[in-house]
Structure formats: C-alpha cells, structure tokens
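Residues per chain, in single letters:
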Amino acid sequence: MKIIKTKHQAKDQLLKYKNVGKSIGLVPTMGALHEGHLNLVEKSKYHSDVTVVSIFVNPTQFNNLADLEKYPRTVEEDLKLLESKGVDYVFLPDVEEMYPQEAKLKMDFGDLETILEGALRPGHFNGVGIVVSKLFHIINPDYAYFGQKDLQQVAIIRQMVNDLSFGVELVVVPTVREADGLAMSSRNRRLNPADRKNALVLYESMVFAKNELLAGRTWFELKDKIQHKFNQLDGVKLEYFELVETDTLNIVVEQHITDFDQGKKYSLCTAAFVGDVRLIDNLPI
Ligand code: AMP
C-alpha cells in the first residue's frame, strides 16, 4: 500500500493505470475508520482494478469549529486497517495541499440544500461539493463509493456530477450498523456509555415509525410519538425526523401510506444531538 500526499504524486502514480485502461475506485473518507468505511473499500476492491482511499478531515464542511476540533483522528490505526484490506493507495493530503488558497467558489444545490442537513448546517454541502470536486480532479476515479448513511450527501454529489459532467460513476453502499442497530459513525467514538445507550433512539424510532406507517398509522400521529420518545431521554435533542422521497429528498406531507405514490421509494431521515455529539441516520421504507 502506497501513501500519496500531494496532487503531483497522485498524477504521477495513478495516470499509468488510466493509460492501460485499468479502472480506479475512490473511497473518500475523513478517517477514524470503522466497518462502514471498510464496506465501501470492499466494494471498490471487488469492482475497480485499483482502490484509492482518501483520508482528509475537510475543514470547509464543518460549520462548527468545536466539531472540527473534536473530530476523531486515528491515522495510524486507519492505515493498518486499510493495509489489511489490500488497499492500493491512500491519499493523505494536508490542509495546505488541498487548500493552497481559500476556496471562494460557492456551489448552490437549490432545493436540496434548504432541507434536512442543508437547513441545519449552513455551508456544509458547499464544503462537501468543493472537496469532492477536488478529489475527483486529483484522483480522476472511474468509480466513487459513498455510504447511504449520508443520503443527502449522495443526492448532492449526484447532482454535482450530473451538472458538471464529471466522468465518474457513483456507487452507493448500504449502511453498516452495530449489532443493536446504531449506524456506525466515526462520531460514535465520542459517545460516553450513557449516551451510547441513548443513541439507539435514532434507529429504534425509525424502525418504529416504519412499522407504524406500514400498519396504516398517520404520519401526523406518529411524529408526536417520536418527539416524545426523544424528549424522554436525558441530553438527547431531536433536530429533525422526516419522511422523504428517497431520490429527491422531497419531504412527504401525506398522512397515510396509502396516499404514497407506489412508483416512488421513501426513506425516514433523522438527526439528533446525543450529549454534544450530533448523529444522523436514515432508513428506507
Ligand atoms: P466519513 O468518513 O464520515 O466522511 O464517511 C466516508 C464515507 O463512508 C461516506 O460516503 C459515508 O457515507 C460512508 N459511511 C459512513 N458511515 C457509514 C456506515 N455506517 N455504513 C456505510 N457507509 C458509511
């Protein structure tokens, strides 16, 4: 496994594969790797000739400085894990390499960034768009692997790839969960034992809501019950709990599942603070 730290090294090392028609798979991450990330790596290993994993805690996508500072960084462990998975290259740039000057470009994702994460984390998706564009230009992958865990991020990147004609195919990989259902996340490392227990409310509420919706309960009735479940837990604050069309992320206001369009897919999306850790999750219906 080779470590690449600069754009120049990336071109130098990766162009030779392109020239002989080998496909490059990119798995963008912010490190503090877990089984969710490794699942993306496995998909890339299976599907692409050469696998590149990037590890970069991207400052421009954090709209909260404390969150950026507390973001777990475990590079040595990450590299060992990636080596054990047979990754070919790790792209490990520093901030100066990625941002030799401040990025002034602003990406406008329209309706997609006015809802859910976009509404609560101003500037977040602009930072995601900028860094993913940079990674696509530097690595020039044929395939890029993203987790369904960040459903809105996938929609944003898909829009960017289409609008800007990036020649990369996106591959979306299902969410990997702990045995009790909590979605794996680098931020889970920051949960204390009590918060770790409370964090399960995100997944359990989505499973509850899914079952109740399928049993014919109204969405209005359910939303109150869900809010109540979150309110009962100390130090837990629900940010949103929405039913959306999976492809567009349009928020659904219909009351009964029988009113839903049978041709469309739907998902539940939620975000909550558990202690001072902000978690997100979603569940397809
Ligand atoms: P991050 O390091 O949090 O930026 O995540 C890097 C990639 O891993 C993103 O595409 C995430 O959606 C994906 N990812 C994070 N957690 C999971 C998970 N539990 N299951 C599957 N993919 C995940």
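Values in this document were obtained by computation on a predicted structure and should not be read as measured data.

Undergrad: How do you make sense of the side chain of histidine 34 when you look at a structure like this?
TA: Here histidine 34 lies in the loop between strand S2 (24-29) and helix H2 (35-47). You can call histidine 34 buried: its relative accessible area is 17%. Of note is the side chain of histidine 34, whose polar atom sits 2.9 Å from the backbone nitrogen of glycine 36. Among residues more than four places away in sequence, those in contact with histidine 34 are Met184, Ser185 and Ser186.

Undergrad: Any chance you could explain the site of the ligand here in plain terms?
TA: Surrounding the ligand, one finds 17 residues, the nearest of these being His37, Gly147, Asp150, Val176 and Met184. The separation between an oxygen atom of the ligand and a polar side-chain atom of aspartate 150 is 2.6 Å. Across the complex, the protein chains shield 93% of the 490 Å² of accessible surface that the ligand would expose by itself. The leading source of residues in the shell around the ligand is H2, at 3 residues. For the shell around the ligand, the residue count by class is 8 nonpolar, 7 polar and 2 charged.

Undergrad: Explanation requested: unusual backbone geometry in the structure shown.
TA: Peptide bonds are, in most cases, trans, and in most cases residues other than glycine have a negative phi. Non-glycine residue asparagine 140 carries a positive phi angle of around 55 degrees. By the element assignment, asparagine 140 lies in the loop between helix H7 (124-139) and strand S5 (143-147). With a phi angle near 50 degrees, serine 165 is a residue other than glycine that sits in the positive phi range. Looking at where serine 165 falls in the secondary structure, it is placed in the loop between helix H8 (151-163) and strand S6 (169-173).

Undergrad: Please clarify how the nonpolar core should be interpreted in this entry.
TA: One broad rule of soluble globular proteins: the nonpolar side chains tend to lie buried together. Leu14, Phe136 and Ile139 are the most contacted members of the largest nonpolar core, which has 45 residues in total. With 9 residues, the top contributor of residues to this core is H7. Counting residues domain by domain, this core receives three or more from each of domain 1 (2-173) and domain 2 (191-279). Once residues within four sequence positions are removed from consideration, leucine 14 is found in contact with Ile4, Ile24, Val52, Tyr89 and Ile139. Judged by nonpolar contacts, the second largest core, of 27 residues, contains Val236, Leu243, Phe260 and Leu268.

Undergrad: Please explain H2 as it appears in this structure.
TA: Side chains of residues three or four places apart in an α-helix project in the same direction, reflecting 3.6 residues per turn. For H2, spanning 13 residues, the distance from its first C-alpha to its last is 18 Å, which sits close to the expected 18 Å at 1.5 Å a residue. Among the residues of H2, Gly36, His37, Leu38, Asn39, Leu40, Val41 and Ser44 are the ones counted as buried. Looking at the buried positions of H2, the neighbouring elements they touch are S2, strand S3 (50-55), helix H4 (75-84), S5 and S6.

Undergrad: What's the story with the pairing of S2 in this structure? I'm lost.
TA: Side-chain positions along a regular strand alternate between the two faces of the sheet. Summarising burial for S2: 6 of the 6 residues are buried, a large majority. Burial of the side chains of S2 extends over both faces: Ile24, Leu26 and Pro28 are buried on one face and Gly25, Val27 and Thr29 on the other. Relative to S3, S2 is paired through 6 bridges, and the arrangement is parallel. Residue pairing across strands places leucine 26 opposite valine 52, the latter belonging to S3. Read from S2 through H2 to S3, the crossover connection turns out right-handed.

Parameters at a glance
Residues numbered from 1 in each chain as written. Predicted model: local features only at pLDDT ≥ 70, side-chain atom pairs only at ≥ 80, totals over all residues. Heavy atoms only, no water. Helix = DSSP H or I, 4+ residues; strand = E, 2+ residues; numbered from the N terminus. Buried < 20%, exposed > 50% of the residue type's maximum accessible area, 1.4 Å probe, protein only. Polar contact = N/O pair within 3.5 Å; in protein donor to acceptor, adjacent residues only side chain to side chain. Contact = heavy atoms within 4.5 Å. Near = heavy atom within 4 Å. Areas by Shrake-Rupley, 256 points an atom, 1.4 Å probe, with all protein chains shown as cover. Nonpolar A, V, L, I, M, F, W, Y, C, P; charged D, E, K, R; others polar. Core = buried A, V, L, I, M, F, W, Y, C linked by side-chain atoms within 4.5 Å. Domains from an automatic or database assignment. Expected span 1.5 Å × (residues − 1). Pairing = 2+ DSSP bridges. Right-handed = clockwise from strand over helix to strand, strands pointing away.

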